[in-house]
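# Structural characterization, general
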Amino acid sequence: MGVLPVPAEVCAILLDIEGTTTPIAFVQETLFPYIKDNVKEYLRAHWEEEECQQDVGLLRKQAQEDSSLDGAVPIPLESGSGEEELERVIQAVADNVHWQMSLDRKTTALKQLQGHMWRAAYATGHVKGELFEDVVPSIRKWREAGMKVYIYSSGSIEAQKLLFGYSTEGDILELFDGHFDTKIGPKVESESYRRIAASIGCATNNILFLTDVPREASAAEEADTHVAVVIRPGNAGLTDDEKSYYSLISSFTELFLPSST
């Protein structure tokens, strides 16, 4: 793929996570299975805590909204005390979480519980955020060249900070100037990139967005943001049209910054 010159007007690099900084396998084979395997144990350990009860309350509310969906799993209220009753409710919450995850849903209720479970897993060293080996050295070079670097991921900002705060390279949060998640808008809508530019305080064409998803690249481009599509092991394949249309890189080291000459 060679070298991709970064346009001189670019002063900020916006990074996707999954399939860009981090192997998709880490999310699919480490993060998500951790939730499925440990949700009941986590609920039992934290059930009396206010945060856990808020998480369960949100999931119960979501379950009520989902009641008309095929296969939806209701979450009953505790109708009494006792170990058996508690276990019944915990099992229902776990079943609901498994059901939502099997459909790859991204509800706020599910993401909130996942975020809290991952926080505990990172903090205890059960999980470390994986990064491709070119990521940290490249970001350091970009920053030395005066670039600002931001993250934009469908994972919550809290989940992003956990991944980079407890990574295989240690705590690298200092390398980022800011984080965005889908609260600013979906990644496949061009308006989101205009909002990000406004938040950063620059024009959309001052940003280079790196992602592995062509639909996201297309939305960013519609907003006049520069884009490059990242090819990494385990990423979904691109069509011939996408390969010929987009600038492609397989490593961050392939970006050539004008100011780094």
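Below is a summary of the structure that appears in this document. Quick caveat, the model's predicted, so the values are computed rather than measured.

Attention now goes to the overall build of the protein chain. Secondary structure summary: the protein chain contains 9 helices and 8 strands in total. Its C-alpha atoms give the protein chain a radius of gyration of 20 Å, near enough to 18 Å, the size a compact globule of 261 residues would have. Across the 261 residues in the protein chain, those meeting the buried criterion constitute 49%. The contacts in the protein chain between residues at least 6 apart in sequence include a share of 69% that link residues at least 24 apart. When the accessible area of the protein chain is evaluated, it comes to approximately 12700 Å², of which 49% is carbon and sulfur surface.

Time to look at the pairing of strand β6 (residues 226–230). Buried residues dominate β6, accounting for 4 of its 5 residues. Pairing of strand β5 (residues 207–211) with β6 involves 4 bridges; the strand directions are parallel. Residue pairing for β6: threonine 211 is matched across the bridge by valine 229. In this region the chain leaves β5, passes through helix α8 (residues 214–222) and returns to the parallel neighbour β6; the handedness of that crossover is right-handed. With 2 bridges joining them, β6 and strand β7 (residues 248–249) adopt parallel strand pairing. From the neighbouring strand, valine 229 faces β7, where its bridge partner is leucine 248.

The 6 strands lie next to each other as β4-β3-β2-β5-β6-β7, forming an open sheet whose pairing is parallel. The open sheet has two edge strands, β4 (178–180) and β7, and neither has a second partner.

Attention shifts here to the pattern of salt bridges. As a working rule, side chains carrying opposite charge can pair if their charged atoms are close by. Per the stated rule, a full pass over the model turns up 14 salt bridges. Glutamate 87 serves as the salt-bridge partner of arginine 44, at 2.8 Å between the closest nitrogen and oxygen. With a gap of 43 residues between them, arginine 44 in helix α1 (residues 24–46) and glutamate 87 in helix α3 (residues 83–102) connect regions that are remote in the sequence. Looking at arginine 44, the relative accessible area reads 43%, which means it is partly exposed. Taken together, the shared-partner salt bridges in this structure form one network comprising Asp16, Lys187 and Glu216.

This part is about the environment of glycine 80. With respect to the secondary-structure elements, glycine 80 resides in the loop between α2 (50–65) and α3. Taking the C-alpha atoms as reference points, glycine 80 and alanine 92, 12 residues apart in sequence, are found 15 Å from one another.

Calculation criteria
- Numbering of residues starts from 1 in each chain and follows the order in which that chain's sequence is written.
- Side-chain atom pairs in this predicted model are given and counted only at pLDDT of 80 or more, local residue features only at pLDDT of at least 70, and totals for whole chains, interfaces and linings cover all residues.
- For side-chain calculations, the full set of non-hydrogen atoms in the structure is used, while hydrogens and water are omitted.
- Strands are runs of DSSP state E lasting at least 2 residues, helices are runs of H or I lasting at least 4, and numbering of each runs from the N terminus.
- This radius of gyration counts C-alpha atoms alone. The globule rule is 2.2 Å times how many residues there are, raised to the power 0.38.
- Burial here depends on accessible area, computed with a 1.4 Å probe over protein chains only, as a share of the maximum for the residue type. Under 20% is buried, over 50% is exposed, and the range in between is partly exposed.
- Any two residues having at least one pair of non-hydrogen atoms within 4.5 Å are treated as being in contact.
- For the area figures, the Shrake-Rupley method with a 1.4 Å probe applies, and any residue is considered shielded solely by the protein chains shown.
- Whether two strands pair depends on DSSP finding at least two bridges between them.
- When the strands point away from the viewer, a crossover counts as right-handed if the route from the first strand across the helix to the second turns clockwise.
- We define a salt bridge as a side-chain nitrogen of Lys or Arg found within 4 Å of a carboxyl oxygen belonging to Asp or Glu.

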